[in-house]
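Listed below are the residues making up each chain.
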Amino acid sequence: MSGETQNMSTSRKISLSENILFGMGNPLLDISAVVDKDFLDKYGLKPNDQILAEDKHKALFDEIVKKNKVEYHAGGSTQNSVKIAQWMIQKPHKVATFFGCIGKDHFGEILKKKAAEAHVDAHYYEQNEEPTGTCAACITGDNRSLVANLAAANCYKKEKHLDLDSNWELVEKAKVYYIAEAATFAKEQGFETDDITEIAKKTQNLPKENKKRQRVVVFTQGKDDTVATVGEKVTMFPVLDIDQNDIVDTNGAGDAFVGGFLSELVQERSLEECIRAGHYAANVIIRRVGCTFPEKPDFH
């Protein structure tokens, strides 16, 4: 019996190759450090907040590095997701490709190094007009004040990067593409409803280029059930239970869910398996500070 079971599980496993997953978005270098209240006051920051940098915050990024012991990570929503997908998959390395724009500067060099350490095949468009995008996590006690400066992340030039033959070849190698940033999606589409099930159904029925495959729509709702639609059917998937005291930081939870989901999707697993992996990854990430993870996943 065990032999049969083993054969079934190996036959399910498709062989993964480099660059099978493609992500494109705003790359940011995450810079986290423990700071004092004076630092927050100097830059007018709340202890627990998430803001985009204004002119008054521009000096913050250099100061936090000069005055504190900092940790660096490859960040930005989409880059986080492909990084987590790679972590879930483990081997081979470079299953995920990532495109985005950085500056030709010190932070850009660190970001390249950090993406490589996460085994993501990052190909950045590098330019001189704007510095590399950064996100400072200013930690005071249990609070984190996040300040993001998109900078170079907004300067991506399709014709100078995506259209190059060597880069387009990487796009064509992929089987699964993840290009996100859909926060105000329902509003932009004029859906005029707050009901998540209704939004999922309406999204499902939007025009679609590829008629051979049904659209799958998945919405996460924090601690509430994840909603998925295939065809007319709407299914709810409960998230994993977690003690409130074990939650350290929920900031990377959505990115983590996507990463877990994609790690199974590239292996052509069922929707249920993809969502289970998404819930697992999110559950790991919210127990830790920042979008970080242990050396290996414990997902079966």
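Throughout, a residue's number is its position along its own chain's written sequence, starting from 1. Totals for whole chains, interfaces and linings use all residues, but because this is a predicted model, local features are given only for residues with pLDDT of at least 70 and pairs of side-chain atoms are given and counted only at 80 or more. The basis for every side-chain value is the complete set of heavy atoms in the structure, and neither hydrogens nor water enter the calculation.

- Taking an unreviewed UniProt entry as the reference, the protein chain is identified by name as Adenosine kinase belonging to Myripristis murdjan.
- UniProt positions are given in the numbering used here, feature names are shortened, and annotations may be inferred rather than shown by experiment. According to its UniProt record, the protein chain has this under Pathway (unreviewed entry): "Purine metabolism; AMP biosynthesis via salvage pathway; AMP from adenosine: step 1/1."
- What UniProt records for the protein chain under Subcellular location (unreviewed entry) is the sentence "Nucleus".

### Points about the overall build of the protein chain
Alright, step 1. Strands here mean DSSP runs of E at least two residues long; helices mean DSSP runs of H or I at least four residues long; both are numbered from the N terminus. Each helix and strand counted, the protein chain has 10 helices and 12 strands in total.
Alright, step 2. Throughout, the radius of gyration refers to the C-alpha atoms, and the reference size of a globule is 2.2 Å times the residue count to the power 0.38. Taken over the C-alpha trace, the protein chain has a radius of gyration of 20 Å; the compact-globule value for 300 residues is 19 Å, and the two agree within 12%.
Alright, step 3. For the C-alpha atoms alone, the extent of the protein chain along its principal axes is close to 60 × 50 × 50 Å.
Alright, step 4. Relative accessibility under 20% of the residue-type maximum defines a buried residue, over 50% an exposed one, and the middle range a partly exposed one, all with a 1.4 Å probe and only protein chains included. Across the 300 residues that make up the protein chain, the buried fraction comes to 45%.
Alright, step 5. Note on definitions: a residue-residue contact is assigned when non-hydrogen atoms from the two residues lie within 4.5 Å. The contacts in the protein chain between residues at least 6 apart in sequence include a share of 70% that link residues at least 24 apart.
Alright, step 6. Computed with the Shrake-Rupley method and a 1.4 Å probe, the accessible areas treat only the protein chains shown as cover for residues. Of the roughly 16700 Å² that the protein chain leaves accessible, carbon and sulfur atoms contribute 50%.

### Comments concerning helix α4 (residues 77-89)
Alright, step 1. By definition here, a helix of n residues has an expected span of 1.5 Å times n minus one. Over its 13 residues, α4 extends 19 Å from the first C-alpha to the last, a length consistent with the 18 Å expected when each residue adds 1.5 Å.
Alright, step 2. With respect to burial, α4 is a largely interior element, 12 of its 13 residues being buried.
Alright, step 3. For α4, every residue scored as buried is listed here: T78, Q79, N80, S81, V82, K83, I84, A85, Q86, W87, M88 and I89.
Alright, step 4. One or two residues past the end of α4 sits Q90, with phi positive at roughly 70 degrees.

### Considering the packing of α4 against helix α10 (residues 271-285)
Alright, step 1. Between α4 and α10, the shortest axis-to-axis distance is 11 Å and the interhelical angle comes to 105 degrees. With respect to α10, the axis of α4 lies roughly perpendicular. Residues I84, W87 and M88 of α4 form the contact with α10, whose participating residues are A277, Y280, A281, V284 and I285.
Alright, step 2. In this classification, the charged set is Asp, Glu, Lys and Arg, the nonpolar set is Ala, Val, Leu, Ile, Met, Phe, Trp, Tyr, Cys and Pro, and all remaining amino acids, among them Gly, are polar. Broken down by class, the residue content of the contact of α4 with α10 amounts to eight nonpolar, no polar and no charged. To get an axis, fit a line to the C-alpha atoms, keeping to the stretch in contact for a helix; angles then go from 0 to 180 degrees between the N-to-C directions. For this classification, under 35 degrees means roughly parallel, over 145 means roughly antiparallel, 65 to 115 means roughly perpendicular, and everything else is oblique.

### Some words on the state of the cysteines
Alright, step 1. Here, a disulfide means two cysteine sulfur atoms that sit within 2.5 Å of each other. Enumeration according to the criterion identifies zero disulfides in this entry.
Alright, step 2. Looking at C155, it has no disulfide partner, and the nearest cysteine sulfur is the one in C101, 5.3 Å off.

### Overview of the pairing of strand β8 (residues 143-149)
Alright, step 1. Within β8, six of the seven residues are buried, which leaves the element mostly enclosed by the surrounding structure.
Alright, step 2. Where strand β3 (residues 49-52) lies against β8, four bridges are found, and the strand directions are parallel. Looking at the pairing, L52 lines up with A148 of β8.
Alright, step 3. Strands are treated as partners if at least two bridges between them are detected by DSSP. As paired strands, strand β7 (residues 134-140) and β8 are joined by seven bridges and run antiparallel to one another.

### Some details on the confidence of the model for the protein chain
Alright, step 1. Scored from 0 to 100, pLDDT reflects the predictor's confidence in each residue. Of all residues in the protein chain, 90% have pLDDT values of 70 or greater, and the mean over the chain is 86.
Alright, step 2. Mean pLDDT in the protein chain bottoms out at helix α1 (residues 2-12), which sits at 37, and peaks at strand β6 (residues 121-127), which reaches 98.
Alright, step 3. Contacts of residues 1-12 to residues separated by more than four positions or lying in other chains number three contacts, the stretch itself having pLDDT below 50.

### Digging into the pairing of strand β5 (residues 96-103)
The side chains of a regular strand alternate, residue by residue, between the two faces of the sheet.
Alright, step 1. Counting buried positions along β5 yields eight of eight residues, so the element is predominantly enclosed.
Alright, step 2. With burial as the criterion, each face of β5 is covered, one bearing A96, F98, G100 and I102 and the other bearing T97, F99, C101 and G103.
Alright, step 3. One ladder, built from four bridges, connects strand β1 (residues 21-24) with β5; its direction is parallel. Residue pairing in the sheet places G23 in a bridge with F98 of β5.

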